[in-house]
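Given next are the chains, with one letter for each unit.
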Amino acid sequence: MAGRPVRGDRHFVGRDHELAAIAAACTDADSGRGRLVVVRGAAGFGKTMLCEQAAERAAQSGFAVGWGRCWPDGGAPPLWPWPDILGDLGGPESVELLTGDPGRTRLDPDRFARFRAVGEFLADRASVSPLLVVIDDAHAADTAALLLTRLLVRTLDRSRLVMLITRRSGASESSPEQLRLLDEIEREATTLDLRPFDHHEAAALLGAHGLHVEDYGLAPALTRMTEGNPLLLTRAAVRASHSRGSDGIEHVIGDALDVLTPEHRDVVAVAA
């Protein structure tokens, strides 16, 4: 598989509906009807892990995978993460398609021609094998990268390409122009909104970490205290699996208390 290495994760549970939707998009793309899928969810809801699982399955089905993760803290080359994605799929020569782009926030004839060349490269590459392109954390992409993405999305219906984009719900770091472009891109997409885990899924996650949930009653308690956030559930499961099962609950309670003001902690202490 080209692109980001994906490790099988025995702790991955749930998200069957979302994996099936991405698999259906891959089936369409293999038949020449490219698709865009946007995965939305709060921080810690497993957007990246879901895409890793989908990418692994797509690779096993013969897809070439290009992976790019956006970077919010400056210093990245213009149009990031597209240089990474093109490098995954075609090596250094394909990255040169973007060489010299000044990273402006608008299109002009030279940039339009450059973007069209990227689209032609992807179409040629997809004639060899279908493609899955993953853009992780698109809410952190710069305007230029989103312009390129939007143009490429407009040609998906006649390609063997699936574009899989993750976007954090309620992300505040995006500018109004970035939000506008993200919303325009998403209008072309199948959108998958990740929901919190219920206590059945939490129990499956705890079980995947080797915890005998029937012994401790962990699943309902941890689901309530973490509000079903898979990342927080995983952290609790890891702690509990290395010690007493109840330690997972104790750590989650401690994390919750840490964010309270001293006055509120005093109230909780008195109530306890």
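It should be noted that the structure appears before, not after, this text.
Reading guide: rules and limits
Residues numbered from 1 in each chain as written. Predicted model: local features only at pLDDT ≥ 70, side-chain atom pairs only at ≥ 80, totals over all residues. Heavy atoms only, no water. Core = buried A, V, L, I, M, F, W, Y, C linked by side-chain atoms within 4.5 Å. Buried < 20%, exposed > 50% of the residue type's maximum accessible area, 1.4 Å probe, protein only. Helix = DSSP H or I, 4+ residues; strand = E, 2+ residues; numbered from the N terminus. Contact = heavy atoms within 4.5 Å. Salt bridge = Lys/Arg side-chain N within 4 Å of Asp/Glu carboxyl O. Pairing = 2+ DSSP bridges. Right-handed = clockwise from strand over helix to strand, strands pointing away.

Right, let's talk about the nonpolar core for a bit. Most often, soluble globular proteins keep nonpolar side chains buried together rather than apart. Grouped together as the largest cluster of nonpolar side chains are 36 residues, with contacts concentrated most on Trp82, Leu122, Ile135 and Met163. Looking at this core, the elements that each hand over two or more residues are strand S1 (35–41), helix H3 (82–90), helix H5 (109–126), strand S3 (131–136), helix H6 (143–153), strand S4 (161–168) and helix H7 (176–186). With residues near it in sequence (within four places) discarded, Met163 still touches Arg35, Leu36, Val37, Trp82, Val133, Ile135, Thr149, Leu152, Val153 and Leu156. Ala21, Cys26, Ala54 and Val162 belong to the second largest nonpolar core, which has 24 residues in total.

Once that is clear, we can look at the pattern of salt bridges. Tallying each qualifying case throughout the model produces 18 salt bridges. Residue Arg69 pairs with Asp136 through a salt bridge whose shortest N-O separation is 3.6 Å. Of this pair, Arg69 sits in strand S2 (residues 64–69) while Asp136 sits in strand S3, placing them 67 residues apart in sequence. A relative accessible area of 0% places Asp136 in the buried class. Where Arg150 meets Glu184, a salt bridge forms, and the shortest distance between an N and an O atom there is 2.5 Å. Highlighted residues: Arg150 in helix H6 and Glu184 in helix H7, separated in sequence by 34 residues. In this structure, a network of salt bridges that share partners links the residues Arg40, Arg167, Asp183, Glu186 and Asp193.

With seven of eight residues buried, S4 lies mostly within the body of the structure. Two elements, S3 and S4, share five bridges in a ladder whose sense is parallel. Opposite Ile135, over in S4, you have Ile165 as the bridge partner. Handedness of the crossover is the feature at issue here: the chain leaves S3, passes through H6, returns alongside S4, and the resulting connection is right-handed.

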